Amino acid sequence: MEMESLPNGNSAAATTPTTTAAAIAAAAAAAATAPSSKLTQLAESLKLEHQFLRVPFEHYKKTIRANHRIVEKEISSVITVVGDDAEGELSRDVAVQRLNSLVSRLQGLKRKLEEGSRAEHLQVQRCRARLDHLESADADSLSEWNSTRLKRILVDYMLRMSYYDTAIKLAESSNIQDLVDIDVFNEAKKVIDALQNKEVAPALAWCGDNKSRLKKSKSKFEFQLRLQEFIELVRAENNLRAITYARKYLAPWGATHMKELQRVMATLAFKSSTECVTYKVLFEPKQWDYLVDQFKQEFCRLYGMTFEPLLNIYLQAGLSALKTPFCYEDDCTKEDPLSQESFRKLALPLPFSKQHHSKLVCYITKELMDTENPPLVLPNGYVYSTKALEEMAEKNDGKITCPKTGLVFNYSDVVKAYVS
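Conventions used here
Residues numbered from 1 in each chain as written. Predicted model: local features only at pLDDT ≥ 70, side-chain atom pairs only at ≥ 80, totals over all residues. Heavy atoms only, no water. Phe/Tyr/Trp six-rings, centres within 6.5 Å; stacked < 30°, edge-to-face > 60°. Helix = DSSP H or I, 4+ residues; strand = E, 2+ residues; numbered from the N terminus. Buried < 20%, exposed > 50% of the residue type's maximum accessible area, 1.4 Å probe, protein only. Lys NZ or Arg CZ within 6 Å of the ring centre and 35° of its normal. Pairing = 2+ DSSP bridges. Contact = heavy atoms within 4.5 Å. Axes fitted to C-alpha atoms, helices over the stretch in contact; angles between N-to-C directions.

Novice: Even after reading the chapter, I still don't get the packing of aromatic side chains, so can you show me in this structure?
Specialist: Geometry of an aromatic ring pair is reported as the spacing of the ring centres plus the angle between the planes. Under the defined criterion, the tally for this structure stands at 11 aromatic pairs. Taken together, a centroid distance of 6.5 Å and an interplanar angle of 90° make the contact between Y328 and F352 edge-to-face. With Y328 in the loop between α16 (310-322) and α17 (341-347) and F352 in the loop between α17 and β1 (360-361), this pair connects stretches of sequence that are 24 residues apart. F352 gets classed as partly exposed once you look at its relative accessible area, which sits at 46%. One aromatic cluster is present, formed by F185, W206, F221, F295, F299 and Y303 through successive ring pairs. If you follow R152 out to its NZ or CZ, it ends over the ring of F52, 4.0 Å from the centre.

As C-alpha cells, this is what we get:
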C-alpha cells in the first residue's frame, strides 16, 4: 500500500504493515502455551481482520491529504499576495490594511490546522486502539474476544443496512466506538440520502474530494452522476441548459465514453415521454437506485471494505459446510439452519458441502447412527437408530410405529443395516 508524505515530514507507510504484523505476532505469542486447537482458531481469526485495520488507516490518510491541500492552497495564496504587494507602491495605510488582512487569514489557517491536527490525533488513537485490541487476543480470553468481534460485525451490518441509530446504541453500550467505523459510514450516509432524494451535489463533492484515487481506479461514478444530471435537465424540458451542461461537463469524457454520450444526447430528441426502450430506461426512477449501489461499491473500494456485509460473509462460510441437497427438501429438520428461507437465500450461490464420509442421523433422536448405535431398517424401508427403536419397543410391548407412515411392526421384523 502506498502512502504519501505527511505534512509534518513523517511517513506512516512503513510503520503500519510492520505494526500490524507485530500485533498478530504478539497475539500468537501470548497464546503459545494454550492448546493447539485454540491457538489455530485464534490464528485463523486474526487473518480475517484486514478490513478492521485498513479502514481507519485509509480514513487517516484521507484527513492528512485534505489538511495538506488546505495548507498548500492558503500558503500559496498568501505568498502571491505578499509578492504582489512588495512589487507595488502602497501607501502606509493601505499596507497596514493588507498586512492586517494577511494576519487574519493566517490566524484562520492556524485554527484550521489545529482542528485538522485534533482530527488526525483522534484517528491515530483509533488505529492504536485496534492494534491493542488485536494484541489483547489470546487463547484464554478467546470467548470474550469473539463476543466483541460479533458485536463489531453486527454494528457493521447495521451501518450498511442504514440502521445508524441502532448501530450507535450497540457500539456505545458495548464500549467499542473505536473498534467500529460509524464516522466513516456517516460520511456515506449524507451522499446516499441525497441520491435517494434525487440530488447529485453531495455525491459530486465527494468525487471532487477523492478525485485522484477515483481516477487511479478508473471509476465511472462521476461520469454517471453527470449523465443523470443531464437527464434531469432533459426531463424538465430545459434543453438549452442541458446542451450547455453537456458542453461543460460531459464533453471531457467523450474520448473514453463516446457511446454512452451519444445515447444520452439522443434523449434531447426522444424526450422523457418516449416509448423507445433504449431511451425510456434512462428516465426510470431505478437509475437513482443504480447510482446508490454504484456509490456504495466505490465507497467500499476506496476504504478497502468488502462489498458484502461481514455478517453475510461469516454466515456463508458456516453455511457452506452445512449445505446439502437434503436441506432443500420439505422434511428437512428444523434444527438445520438451512430449513429457514432466509438462510436458504443466503446460501443459494454457495456450492454443496463435500462430504467425504456418509453420516446417518436418526429422525427420532437426532443422534448419529454408528457402530455403537447402528441403523435398523423397518419392513417399509425407513431407517432409524437402534436406541430409538429399542426405547419405542419397550414402551409398546415390542411394537414399533413408523413416525413417517404410521405403520406398526414387531421389533423382531427389523433388520440391521450396514453402511459402506
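The rest of the description comes next.
Novice: How should I be thinking about the sheet that holds strand β3 (residues 375-377) in this particular structure?
Specialist: Taken together, the three strands give an open sheet; going across it, the order is β4-β3-β7, and neighbouring strands pair in antiparallel fashion. Strands at the two margins of the open sheet, each flanked by one partner only, are β4 (383-385) and β7 (415-416). For β3 and β4, the ladder comprises three bridges, and the chain directions are antiparallel. Each residue of the ladder has a partner; that of V377, found in β4, is V383. Across the sheet, helix α18 (residues 386-395) lies against β3 and β4, angled at about 85° from β4, the strand it touches most.

Novice: Sorry if this is basic, but what is going on with the side chain of T148 here?
Specialist: Mapping T148 onto the fold places it in helix α5 (residues 142-160). Not counting the four nearest positions on each side in its chain, T148 is found in contact with H133, I176 and L179.

Purely geometric stuff here, so don't read any function into it on its own.
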